[in-house]
Amino acid sequence: MKQILLSAIFCLATVTVFAQTTAVKGQLIGASDKQPLPFATISVAESSAAQVSVKKFATDDKGDFSTTLQAGNYIFTFQFVGMNNLTRSVEVKSGESQLDLGKIEMVEGSTELDEISVTAQRPLVKVEIDKLTYSAKDDPESSTSNVLDLLRKVPLVTVDGEDNIQLKGSSNFRIYLNGKPSNMISNNPSQVLKSMPANSIKDVEVITDPGARYDAEGVGGIINIITDKRVDEGYSGSVGANGDTFGGYGGNAYLSLKYGKFGFTGNGSYFQHNRPESQTSFTRDEMAPNPVNKLTQDGMSESHGGGLFYNTQLSYEPDTLNLFNVSVGQFGGKFYSDSEQKALSQGARNYSYLLSNNSMNQFGSFTLTSDYQRTFKKKDELLTVSYRFERNPNDSEFESNYSNVTGDFYYPDGYRQKSINNAGGKEHTGQVDYVNPLTSKHSLEVGLKYIFRDNSSRGDNTFLDVANGQWKEDLTRKNDLDHEQRIASGYAGYGLKAGKFGLKLGLRGENTAQKIHFMSAQTDTIVNSNFFDFVPSAAFSYQLGMTKTLRWGYNMRISRPGIWYLNPYINNSDPNNIRYGNPNLDAEQTHNFNVNYGSFAQKVNFNATLSYSLTNNAITSFIFVDDNGVTNNTYRNIGRNQSVGLDGYVSWTPSSVVRMNLNGSLSYTDIQSTENANVRNSGFSGRGFGGITFTLPKDVRLSANGGIFTGNIQLQTTQAAFYFYSFSAMKSFFNKKLDISLNSTTPFHKYRDFKMTTTGEGFVQKMSFQNPMRSFRLSLTYRFGDLKSSVRRVQRTITNQDVMQGESSQEGAGTGGGS
């Protein structure tokens, strides 16, 4: 009897365990933008007991979900912060092995922005196979900051106290705007990005492994800035103003709208810059094989200027398969500088003088872009035809006056000189790109591109003849240049997605033909050159878990010298320290290898990259002292660079009140001259930036930020370490429509010292700059329009984790919802 009873229990257990279940899957997306909704909460209840959840789980980072259920009738409830809750009845039939619910669309909440009182955040960084994406629109400080301030928080990007930008420790990178190269930004990155309000930006992409579709230019990689635009009907925008204690001020405006088939996005700003007096000190000691001599220069300088920036994009979508875009942008302005310098030379050359100098630099860029996009019935199949025109003026002029001249100096007392340089270039680009997802796992992309660049430089140099008081042309200083460059390229790329594994392979071919016409008082030379480059790239990714990804990458990058490197115009506003370009420079090639690990969740976001790069013909700053005791600053292809670096980023949100982030890198660089084995430099350099933000009741936000930089390793120059810090407080009014922010930079230090030392054959020179740093800035931003679509941009008080808290049944590794 006991055996029969045990057999019955065993059979019942077996039937229960092996009862047939059905795999139910689907994808959750937004109804307006069709984008996946990661880490949304899904509750499952039986229809007969709708209030009792039998399962609760989360979508993955791509919005996909999957669970198993026995036959029966169920109610699925989908929850995502900022969306209306959605319920759907699902019938699981007996005998079904799989039930695909397809794409399930959630509609954004109709609650007005001023009715929202909640404060949770989604992770700011997303890791993809070839790039990192920083969500600018989800950064709570973006409402009153500029894009340059935003970049300080972006992984792999560092911005020092002088607003110099580096990507993975390199200053040689490219900046794109909406997926297209932007000389307007690349030529003047600090000024342009300071002019762009951060609330006009959707995402900042750091493309560490540029694939074959991207131009080979940009050794460090690509920073792609994506502007925000509406995907639904209506309009929204903002206006802002700011002023600082240096005397600078500015204003900005942003507007995004969509009505029917037309869309418009535009932002613009005006800025006035004022830099108070700074002190400079320069010493140069010369020794064998040069005659022994010591030159000392002490001086001061101050600058001011202003400019205008705007960028607009108009789109027309006649139907769901065709899209036309036209974009116009311009950035330009002038900076003026006044300086005085006392010089004393002792030893082989004995003299002294007082130099007064005033200069003007005109900068800017105009960009016109148009493209046509054709989509097809097959998902993600896309054909794009585009054209871009850019004009980049880079004019400058200066006037120098020498007085109190004693000893054997180049110029007599009262000597004056003027110089005007009209430089710049034009660029035309035509491009065709095609992407075809062959299957759900395989994809192919191909494209063709042609670039024509026409750069020129013309100088007008005059001097005052002290003997007769007349201005005369100085033909000995003539250095004019015409530079034409034609680049034809084509590429092909292959992508694979198989489960947790991803792969991207690409090959790009670029043929460059250039003509350089160099004109001086002594020569008139034309040089023609042609070269072809194969540019391979590869990227691999493996998903270790729902929120953890491991990536490997290789790419080869090319850096072609621009007009600012090639221009032979000699700037001798300081006759003891002259600067000029080198029209004989070649393009440099760099090989990059990297391994990246990324993990993101609701509270902790971590990313680390280990990289190695090699350049055999690096364009390097070259400094030497000539027979007249003049320091020459120019460029040559004489560097062999090797660099190993570790970049890290971590953000931690322990509660809805506090958010912290740390972004930094440490690298070891070995650089050696290919002309002189004795000229070599190596060492460690580091960069770090960190911040903490407190979100308090009554719409108050407090933050503190700081950074430290140890200086870059260069062939001849070393830099001393320096640091900076800032504090800010922001208060929102009128139901979050008006933000007022007060920012202070290094409030406890009025000045900051920057020091560098340069060594070369027969000389050592040291430079010190004492720049004013303490400043306070007041910023105001007012938002207007239909703000319903902006509901995801604000902080919220509940997360999907909060919704799931206390439930006993949970599947997957979902760690919180997006906003």
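A. Quick look at the sheet that holds strand β14 (residues 201–207). Read across the open sheet, the six strands follow the order β8-β9-β14-β15-β12-β13; overall the sheet is mixed. The sheet is open, and its two edges are formed by β8 (125–127) and β13 (180–181), each paired on a single side. In terms of strand pairing, β8 meets strand β9 (residues 132–135) through three bridges, oriented antiparallel. Across the sheet, K126 pairs through a bridge with T133, a residue of β9.

B. View of a negative patch on the surface. Residues E277, E302, D338 and E340 make up a contiguous surface patch of negative charge. Along the chain, the position of E302 falls in strand β19 (residues 293–319).

C. Representation of the side chain of N290 in the model. Structurally, N290 can be placed in the loop between β18 (262–286) and β19. Look at N290 and you get buried, because its relative accessible area is 17%. If we skip the residues at most four places from it in the chain, N290 touches V625, E761 and G762.

D. Inspection of the environment of Y415 at higher detail. Locating Y415 in the fold gives a position in the loop between β22 (382–407) and β23 (416–436). Residue classification places Y415 among the buried positions, given a relative accessible area of 9%. Here the alpha-carbon distance between Y415 and D465, two residues 50 residues apart in the chain, equals 7.3 Å. Other than its neighbours up to four places away in sequence, Y415 contacts S400, N401, Y402, F463, L464 and V466.

E. Layout of the pairing of β23. Pairing of β22 with β23, which is carried by 18 bridges, proceeds in the antiparallel orientation. Each bridged residue has a counterpart across the sheet, and for R388 the counterpart in β23 is T429. What sits between the antiparallel neighbours β23 and strand β24 (residues 442–465) is a turn of five residues.

F. Local environment of the packing of aromatic side chains. Per the counting criterion, the structure on display carries 39 aromatic pairs. When the centroid spacing of 4.9 Å and the interplanar angle of 35° are considered together, the rings of F324 and Y372 count as tilted. Here Y372 lies in strand β21 (residues 351–375) and F324 lies in strand β20 (residues 322–347), a separation of 48 residues in the sequence. On the basis of relative accessibility, which here comes to 39%, the residue F324 falls in the partly exposed class. According to the relative accessible area criterion, Y372 is partly exposed, its value standing at 24%.

G. Quick peek at the sheet that holds strand β5 (residues 72–79). Sheet architecture is open: four strands sit in the order β3-β2-β5-β6, paired in antiparallel fashion. Two strands in the sheet have a free side with no partner beyond their single neighbour: β3 (53–58) and β6 (86–92). Strand-to-strand twist of the sheet, defined as the mean angle between neighbouring strand axes without regard to direction, takes the value 25°. Note: strand β2 (residues 41–46) against β5, six bridges, orientation antiparallel. When the bridges of β5 are listed, E46 appears paired with Y74.

H. A look at the side chain of S741. The topology assignment puts S741 in strand β39 (residues 738–745). Taking relative accessible area as the criterion, S741 reaches 8% and is therefore assigned buried.

I. Representation of unusual backbone geometry within the structure. Following A288, the chain continues to P289 via a peptide bond in cis, the omega torsion being 10°. Note on placement: P289 falls in the loop between β18 and β19. If you check the backbone angles, L156 has positive phi at about 75° while not being a glycine. If you trace the backbone, L156 turns up in the loop between α2 (147–151) and β10 (157–159). By relative accessible area, L156 is classed as buried at 4%. A positive phi is found at N404, a non-glycine position, where the angle reads about 55°. Mapping N404 onto the fold places it in strand β22.

Scoring rules and cut-offs
- Residues numbered from 1 in each chain as written.
- Predicted model: local features only at pLDDT ≥ 70, side-chain atom pairs only at ≥ 80, totals over all residues.
- Heavy atoms only, no water.
- Pairing = 2+ DSSP bridges.
- Helix = DSSP H or I, 4+ residues; strand = E, 2+ residues; numbered from the N terminus.
- Patch = residues over 30% accessible without salt bridge, like charges linked within 9 Å, V, L, I, M, F, W, Y side chains within 5 Å.
- Areas by Shrake-Rupley, 256 points an atom, 1.4 Å probe, with all protein chains shown as cover.
- Salt bridge = Lys/Arg side-chain N within 4 Å of Asp/Glu carboxyl O.
- Lys, Arg positive; Asp, Glu negative; His and termini not counted.
- Charge placed at Lys NZ, Arg CZ, Asp CG, Glu CD.
- Buried < 20%, exposed > 50% of the residue type's maximum accessible area, 1.4 Å probe, protein only.
- Contact = heavy atoms within 4.5 Å.
- Phe/Tyr/Trp six-rings, centres within 6.5 Å; stacked < 30°, edge-to-face > 60°.
- Axes fitted to C-alpha atoms, helices over the stretch in contact; angles between N-to-C directions.

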